[in-house]
Amino acid sequence: MERSETCSPACPAATMNFENTQEAYKSKPTWELLRSLMVFWLCSIDPLVDRNQQLLQLSRKLLGQKLFEAMMKMTFYGQFVAGEDQESIKPIIKRNRAFGVGSVLDYSVEEDLTQEEAEKKEIESSTAEAERENIGAVQREKKYQVQPGFGDRRGGVISARTYFYADEAKCDHHMETFVRCIEASGGSSEDGFSAIKLTALGRPQFLLQFSEVLVKWQRFFHQLAADQGKAGLAAVEIELEVEKLKESLANLGIATKDEIHNWFTGENLGLSGTMDLLDWNSLIDNRTKLSKLLLVPNLQSGQVEPLLSRFTEEEDLQMKRMLQRMDVLAKKALETGVRLMVDAEQTYFQPAISRLTLEMQRKFNKDNPIIFNTYQCYLKEAYDNVTADVELSRREGWHFGAKLVRGAYMQQERSRAAEVGYEDPINPTYEKTNEMYHRCLDYVLEEIRHNRKANVMVASHNEDTVKFTLKR
């Protein structure tokens, strides 16, 4: 690929000056800047931040509810929240648009739970009935099980909302709120964005289990690639020889030769004599249906086994309801012309979140990029994830939508990996994360240049990344 490494005088990166505060703040009246100065100064005082809950409760008692709410709207609430409903946010959206600034509507309410309450909710909602009763052999990896001490997912996270499962009615309430956000975005601005989190829409137990299934099958693919001497290649570059693959599966006892032959012919796979990761994913889709208890390969026993010995009827219904809620939100986004961003979350949830979002993209991104997946570039696997999904969109002809972030859970992810005992999923250095971000962004920008069926949001506060994007 050829590209210019220098920026012409007309290039926005050459003329953009991040030190020009007059230009940066021209949309803000003086009183808003003074409020910002005061709020951020207060936020820098550690004792105030550490005791914020106690101070808020004391202020509410001393001032009374009405005066307390008025004070909050003039200060912290006014600084960080656009408004309480669709009508109250319209003036801010309109003013921002006058200065060329778009809006992303985000539902920012969290439950006020103590650490003990959060831990209890997480453990209850992430543990299957079969695990509670210890029925049968449960072949679960530690990473994809709820871990005492890390049940409160708010720990070490300062820039992302956290939802804890209460019951199905609460998930329906979250869905209805997200619907109203989508409607507000569509009614308040053109080409609007709205953001959702999948942990708000269902029981996290399903996300943990489905993530483990996906990771185990992908790991199995890479092991088979290593057996064919293709280790170390990028995920989308690996092509397995189909006959050798069939032989390996039969030798491992995963299925009989006839069954394996039927797998491939039934899916019309391997006709070229080779099979890549995307073919592999479509092959295993029919091996891991919910009704089949999320089957995974067990290389010790040489069998394809259920992840859990059984699901209850209610657990099966909870999984299906989560998918139904996602479908409702995607249809509402399509109907209102709003782009729906699915936020990234912790790595033990993320494979399932990404896969479910991908399925929404395949269904709803046929004419326009309505559904956006979020890629965390502080992860070692970020480039493989981006390239695989772009390649799938190219093959199937739908619009790829990506939001690129660095990531919000680094401290929590690293301490959990070290304590529980699995590989740290985060890039080792800040520089490696920058390199990964620019590599992923570069790949998507090239796709846009050649294909025009891709959209990307550069979700970054990083000055170098903004300049890199404008330069490209």
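Definitions and limits used
- Residues numbered from 1 in each chain as written.
- Predicted model: local features only at pLDDT ≥ 70, side-chain atom pairs only at ≥ 80, totals over all residues.
- Heavy atoms only, no water.
- UniProt positions renumbered as here; feature names shortened; annotations may be inferred.
- Helix = DSSP H or I, 4+ residues; strand = E, 2+ residues; numbered from the N terminus.
- Contact = heavy atoms within 4.5 Å.
- Areas by Shrake-Rupley, 256 points an atom, 1.4 Å probe, with all protein chains shown as cover.
- Core = buried A, V, L, I, M, F, W, Y, C linked by side-chain atoms within 4.5 Å.
- Buried < 20%, exposed > 50% of the residue type's maximum accessible area, 1.4 Å probe, protein only.
- Polar contact = N/O pair within 3.5 Å; in protein donor to acceptor, adjacent residues only side chain to side chain.
- Pairing = 2+ DSSP bridges.
- Axes fitted to C-alpha atoms, helices over the stretch in contact; angles between N-to-C directions.
- Parallel < 35°, antiparallel > 145°, perpendicular 65-115°, else oblique.
- Left-handed = near helix turned anticlockwise from the far one by under 90°.
- Nonpolar A, V, L, I, M, F, W, Y, C, P; charged D, E, K, R; others polar.
- Salt bridge = Lys/Arg side-chain N within 4 Å of Asp/Glu carboxyl O.
- Patch = residues over 30% accessible without salt bridge, like charges linked within 9 Å, V, L, I, M, F, W, Y side chains within 5 Å.
- Right-handed = clockwise from strand over helix to strand, strands pointing away.

The name recorded for the protein in an unreviewed UniProt entry is Proline dehydrogenase, from Engystomops pustulosus. Among the UniProt annotations of the protein, the heading Pathway (unreviewed entry) holds the following wording: "Amino-acid degradation; L-proline degradation into L-glutamate; L-glutamate from L-proline: step 1/2." Recorded under Function (unreviewed entry), the UniProt text for the protein is reproduced unchanged: "Converts proline to delta-1-pyrroline-5-carboxylate."

Quick look at the overall build of the protein
Helix and strand counts for the protein stand at 21 helices and ten strands. A sequence separation of at least 24 residues applies to 75% of the contacts in the protein between residues at least 6 apart. Within the structure as shown, the protein displays about 24,600 Å² of accessible surface, and the carbon and sulfur contribution to it stands at 52%.

Let's talk about the nonpolar core
The tendency in soluble globular proteins is for nonpolar side chains to be buried side by side. Among the nonpolar cores identified, the biggest contains 36 residues, and F178, I196, L198, L201, L329, L340 and I371 are the most heavily contacted of them. Mapped onto this core, the elements with two or more residues apiece are helix 11 (168–188), helix 12 (204–227), helix 16 (313–336), strand 7 (339–342) and helix 17 (350–364). Ignoring any residue separated from it by four or fewer positions in sequence, one finds L329 in contact with M175, F178, V179, I182, I196, L201 and L340. Counting 20 residues, the second largest nonpolar core, distinct from the first, contains A225, A235, L245 and L277.

Quick word on the environment of T429
Tracing the backbone through its elements, the reader meets T429 in the loop between helix 19 (410–420) and helix 20 (430–451). Between the C-alpha atom of T429 and that of Y378, which follows or precedes it by 51 residues, the distance is 8.9 Å. Here the side chain of T429 touches K432 through a polar contact of 3.0 Å, landing on its backbone nitrogen.

Considering the sheet that holds strand 9 (residues 400–405)
If you trace the six strands from one edge of the open sheet to the other, you get 1-2-7-8-9-10, paired in parallel fashion. Two strands bound the open sheet, and with one partner strand each, they are strand 1 (104–106) and strand 10 (454–458). Shown here is a sheet whose adjacent strand axes are inclined to one another by a mean of 30 degrees, direction ignored. Summarising the sheet, strand 7 and strand 8 (residues 371–376) pair through three bridges and their orientation is parallel.

Let's talk about the packing of helix 16 against helix 17
Between helix 16 and helix 17, the shortest axis-to-axis distance is 11 Å and the interhelical angle comes to 40 degrees. Judged on the interaxial angle alone, helix 17 and helix 16 are oblique. Our pair here, helix 16 against helix 17, has a crossing hand that is right-handed. When helix 16 is examined against helix 17, the residues L323, M326, D327, A330, K331 and L334 are found in contact with a partner set consisting of L356, T357, M360, K363 and F364.

Concerning the packing of helix 9 (residues 115–126) against helix 12
Direction vectors running N to C along helix 9 and helix 12 enclose 55 degrees, while the axes themselves pass 7 Å from each other. Here helix 9 is positioned oblique relative to helix 12, judged by the angle of their axes. Note on packing geometry: the crossing formed by helix 9 with helix 12 is right-handed. For the pair helix 9 and helix 12, the contacting residues are E122, S125 and S126 in the first and P204, Q205 and L208 in the second. Among the residues making up the contact of helix 9 with helix 12, the classes are represented as two nonpolar, three polar and one charged.

Some remarks on the pattern of salt bridges
Under the defined criterion, the tally for this structure stands at 35 salt bridges. Residue E168 is joined to R325 by a salt bridge in which the shortest nitrogen-to-oxygen separation is 2.9 Å. In this pair, E168 is assigned in helix 11 and R325 in helix 16, connecting sequence segments 157 residues apart. Taking relative accessible area as the criterion, E168 reaches 12% and is therefore assigned buried. Note that R472 is salt-bridged to D442, the shortest N-O span being 2.3 Å. Here D442 lies in helix 20 and R472 lies in the segment after helix 21 (463–471), a separation of 30 residues in the sequence.

Side note on a nonpolar patch on the surface
Together, L48, L55, L58, L62, L63, L67 and M71 line one region of the surface with nonpolar side chains, adding up to about 610 Å² of accessible area. Sorting the residues of the nonpolar patch by element identifies helix 5 (52–63) and helix 6 (65–74) as the ones contributing at least two each. Looking at which element gives the most residues to the nonpolar patch, the answer is helix 5, with four residues. Inspection of the secondary structure assignment puts L58 in helix 5.

Remarks on unusual backbone geometry
In this model, R452 sits at a positive phi of 65 degrees, which is unusual for a non-glycine residue. Among the secondary structure elements, R452 is positioned in the loop between helix 20 and strand 10.

Quick notes on the side chain of S211
Secondary-structure assignment places S211 in helix 12. When residues no more than four places from it in sequence are discounted, the contact partners of S211 are Y144, Y348, F349, Q350, P351 and A352.

A few points about the pairing of strand 9
Regular strands place their side chains on alternate faces of the sheet. Taken across its six residues, strand 9 has six buried, putting it largely inside the fold. When strand 8 meets strand 9, the two strands line up parallel, connected through four bridges. Within strand 9, the residue paired with Q376 across the bridge is V405. Handedness of the crossover joining strand 8 and strand 9 through helix 18 (residues 382–396) is recorded here as right-handed.

Digging into the side chain of S460
You can see S460 is positioned in the loop between strand 10 and helix 21. At a separation of 2.9 Å, a polar atom in the side chain of S460 contacts the main-chain amide nitrogen of N462. Beyond its immediate chain neighbours, meaning those up to four positions away, S460 contacts R406, Y437 and T465.

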